[in-house]
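A closer look at the structure
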Amino acid sequence: MSRNTDFVPFALPSLGREEEEAVLRVLRSGWLTTGEVARALEREFAAFTGASHALAVNSATSGLHLALEALGVGSGDIVVTSPYTFTSTAAVARHLGAEVRFCDISREDYNIDPEALARLLSSEPRAKVVLPVHVGGYPCRMQAILETAKAHGCAVVEDAAHAFPLRTERGMAGCLGDIGVYSFYATKTMTTGEGGMIVTSDEALARRMSLMRLHGFDREAWDRYTSPTASWRYGIAEAGFKYNLPDLLAAIGREQLKKADRFLKERRDIAEKYLAAFASEPKLELPPVHPSHAWHLFSLRLRGEAASVDRDGFIERLMGRGIGCSVHFIPLHTMKYWSERYALRPEDFPEALDKYRRSISLPIWQGMRPDQTDRVIEAVLATAAEARA
Ligand SMILES: *Cc1c(COP(=O)(O)O)cnc(C)c1O
C-alpha cells in the first residue's frame, strides 16, 4: 500500500532530534528529577507568556488541584465550571471536598456562557472560584467572565489545557485570571509526554503552590535539591503533594516551546485549508473562528434536527475511510459520577448537549502532511454527501 492510504491518526506528537538529544543529555547528566532543566523551562515559559511566575507540574490536573488549594477551596465551597470539558477540570474541586456547579456553554462557541454565569453566581453565594475552559483553543469571553466573577467575590482559574499559545487582545489566554493552567499531555499543542505548567502574577499564590507541589518542603529543602553544597537537613511546612515535573520531561518541553509558534502556524494552515474545503457543504457547520485561535481542536458540527443527526454513524464512516476522529466533549453532566452526584439530566444543559450530539473533531496536528489533510477533506466531504442523500 502507498503512504497515501495509511490511516490518518487523530493526534500524533511532533518530536524531533532536538527532543531526543535533550533527553539524552539529561539521562547522561545523572540528574533525572526536578532541577535546573525544569527551572529553565519555567523561566522560558514565563518569558514566552509574559507571566510573572511559572511553575512546572507533572500534569494539568495536578496544576488545577494546586490552584484551587492555594485559593483556599475546601468543604462548603462551590467551584463553577462548564460541563463541556474533561473530567479533571471539575474533579479537582471534589479532591478538596468542594462541590461543583455546572454552567452551560454559549450558543456561538464551546465555552462557558457569561450571561448564564452571571445568573448562576447571583443565586449561589457559596461560589468561590470560576473555572472557564478555552475549549479547542478558542478564547472564552474573559472580560465578561472576570467582571462577573469579581462582582461576586470569586477568583478565576483558567483551564488553558487547549490554549497554548493563544494571544488575546488582553494578553495570553491562561494569564488573564488569577491562575492559569496548561497541559503538556501527549496530544496537546506542546508536550512533555505528561506534564503541565501553572502561571500566576500573584506572589503569595505562587509561593503556596510551589510549597504544595513538592511535599511541603520548606524553602531550604528545595535549595537542598539544587544547591551544590546540599545538606541532609530539611523541614516540612505542610502535608504537600508530589506534583513536580522531572528534568527528564522538562527537557522535552524546552525543545517543544522553541517550536511553539511554528507548530501554531502549521495548525492554523490546516484549519484554514479545512475551513475553505468545508465552507460550501450544507451538512457541515464550521467551528467559530478567532484571529489568534490556538487550533488545538478542529470540531465540525453536523446540521439537521438534533434528534435525527447521526453523528456516531458519521464517525464510523470516517473511521472506515481511514480517518481518526474524536468527540469533544462528552458533557460531564451526562456521565455517571456527575449526573448521580448532582441529580442532573442531559437536557439540564441544552447547549452542551446539542453541541455534543453534533460535534466531530478532525485530525489537526503539527507534522500532518498535505496528502493527509487532503484525505481528511475527501473523506469528510464524501461522508457528508452520503449523510445528505
Ligand atoms: C487534557 C485536559 C486536562 C488535563 O490535562 P492533564 O495534563 O492530562 O492532566 C484538563 N482540562 C482539559 C480541558 C483537557 O483537555
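Here is what the cut-offs are and how they apply
Each chain has its residues counted from 1, following the order in which its sequence is written. Whole-chain, interface and lining totals are the exception, using all residues; otherwise, since this is a predicted model, local features are given only for residues with pLDDT of at least 70 and side-chain atom pairs are given and counted only at 80 or more. Note that the side-chain values use all heavy atoms of the structure and ignore hydrogens as well as water. A single heavy atom is enough: if one lies within 4 Å of a molecule or strand, its residue is considered near that molecule or strand. Under this definition, polar contacts are N or O atom pairs within 3.5 Å; protein pairs additionally need one hydrogen-donor-capable and one acceptor-capable atom, and for neighbouring residues in sequence, both atoms have to be side-chain atoms. For accessible areas, the Shrake-Rupley method is used with a probe of radius 1.4 Å. Any residue's cover is judged against the shown protein chains and nothing else. Helix and strand assignments follow DSSP, with helices taken as H or I runs no shorter than four residues and strands as E runs no shorter than two, numbered in order from the N terminus. When residue character is reported, Ala, Val, Leu, Ile, Met, Phe, Trp, Tyr, Cys and Pro are called nonpolar, Asp, Glu, Lys and Arg charged, and the others, Gly included, polar. Domain start and stop positions are those given by an automatic or database domain assignment. In what follows, a contact means two residues having at least one pair of non-hydrogen atoms within 4.5 Å. By convention, the term buried area covers the 1.4 Å-probe accessible surface removed from two parts as they join, with the contributions of both added. What counts as a salt bridge is simple: a side-chain nitrogen of Lys or Arg found within 4 Å of a carboxyl oxygen of Asp or Glu.

Turning next to the site of the ligand. The immediate surroundings of the ligand are formed by 15 residues, with Thr61, Asp159, His162, Ser183 and Lys188 found nearest. At 2.5 Å, a side-chain N or O of Thr61 approaches an oxygen atom of the ligand. Between the ligand and His162, the relevant distance is 2.7 Å, taken from an oxygen atom to a side-chain nitrogen or oxygen of the residue. When the ligand sits alone it has 380 Å² of accessible area, and the protein chains cover 92% of it. Every element with two or more residues in the shell around the ligand is listed here: helix 3 (60–70) and helix 4 (87–95). In terms of residue class, the shell around the ligand is made up of 5 nonpolar, 8 polar and 2 charged.

The next thing to look at is the domain arrangement of the protein. According to the domain assignment, the protein consists of domain 1 (17–258) and domain 2 (260–388). Using only C-alpha atoms to locate each centre, domain 1 and domain 2 end up separated by 26 Å. Taken together, the 39 residues of domain 1 in the interface contact 36 residues of domain 2. For the pair domain 1 and domain 2, the two sides together bury roughly 3,200 Å², of which 59% comes from carbon and sulfur. By the criterion of area lost to domain 2, the three top residues of domain 1 are Tyr84, Phe102 and Tyr110, representing 21% of everything that side buries. The interface formed by domain 1 and domain 2 holds 3 salt bridges in total.

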